[in-house]
Amino acid sequence: MGQNKLARTLKKFNTESVPYISLKEAAHMDSVLYLDTRKKQEYDVSHLQNAIWVGYEMFDDHDLQAKIPDKNTEIVVYCSIGVRSEDIGEKLLKLGYPNVKNLYGGIFEWKNKGYPVYDDQGKETEKVHAFDEHWGKLLKAGKKVYD
């Protein structure tokens, strides 16, 4: 049931302009750079290990290009479920980064499937920022945090 709701939600809000990558495939990539496209307070609660926060509303393409000078870097963007990350992925593609994928289901599905997340101190945590009560229904695992 939850997967169907996620699939319907992504189909409603996304165009798949940035190709999806499955959780399993992303988790087993050796040299991938994860970019977190959520708000900073969401990132601080938890994020994927070694992910770089780039934000959404505060996204800065010049800052990103300074952080990632190699345009051929393998990049996986993510957010709560994959909607905001598609928008940022589109910007990366326009900036000339050809190897950009959108994590299917975002950090919610990552946690739902039992993959670890880390707090702002680099320690594994059960907490995940659930954005709000509406979107938080898609997060089935971990401890939901709302600001």
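Refer to the preceding data block for the structure.
Rules behind the numbers
Residues numbered from 1 in each chain as written. Predicted model: local features only at pLDDT ≥ 70, side-chain atom pairs only at ≥ 80, totals over all residues. Heavy atoms only, no water. Core = buried A, V, L, I, M, F, W, Y, C linked by side-chain atoms within 4.5 Å. Buried < 20%, exposed > 50% of the residue type's maximum accessible area, 1.4 Å probe, protein only. Helix = DSSP H or I, 4+ residues; strand = E, 2+ residues; numbered from the N terminus. Salt bridge = Lys/Arg side-chain N within 4 Å of Asp/Glu carboxyl O. Patch = residues over 30% accessible without salt bridge, like charges linked within 9 Å, V, L, I, M, F, W, Y side chains within 5 Å. Areas by Shrake-Rupley, 256 points an atom, 1.4 Å probe, with all protein chains shown as cover. Lys, Arg positive; Asp, Glu negative; His and termini not counted. Charge placed at Lys NZ, Arg CZ, Asp CG, Glu CD.

1. Quick word on the nonpolar core
Of all hydrophobic cores here, the largest spans 23 residues; its most connected members are Y34, L48, Y78, L103, I107, F108 and W110. For this core, the secondary structure elements donating two or more residues are α1 (2-13), β1 (20-21), α2 (23-27), β4 (75-78) and α6 (106-112). No other element matches α6, which puts three residues into this core. Listed in part, the 14 residues of the second largest apolar core include V18, I68, I75 and V100.

2. Looking at the pattern of salt bridges
Within this structure, the stated rule accounts for six salt bridges. Between K40 and D44 there is a salt bridge, with the nearest N and O atoms lying 2.8 Å from each other. Taken together, the residues span about one helical turn, with K40 and D44 both in helix α3 (residues 40-45) at a distance of four residues. Residue classification places K40 among the partly exposed positions, given a relative accessible area of 36%.

3. A closer look at a positive patch on the surface
Together, K5, R8, K137, K140 and K144 line one region of the surface with positive charge. Among the secondary structure elements, K140 is positioned in the loop between α7 (133-136) and β9 (143-145). On the accessibility criterion, K140 (61% relative accessible area) is exposed.

It is worth stressing that arrangement in space is one thing and function is another; only the former is reported here.
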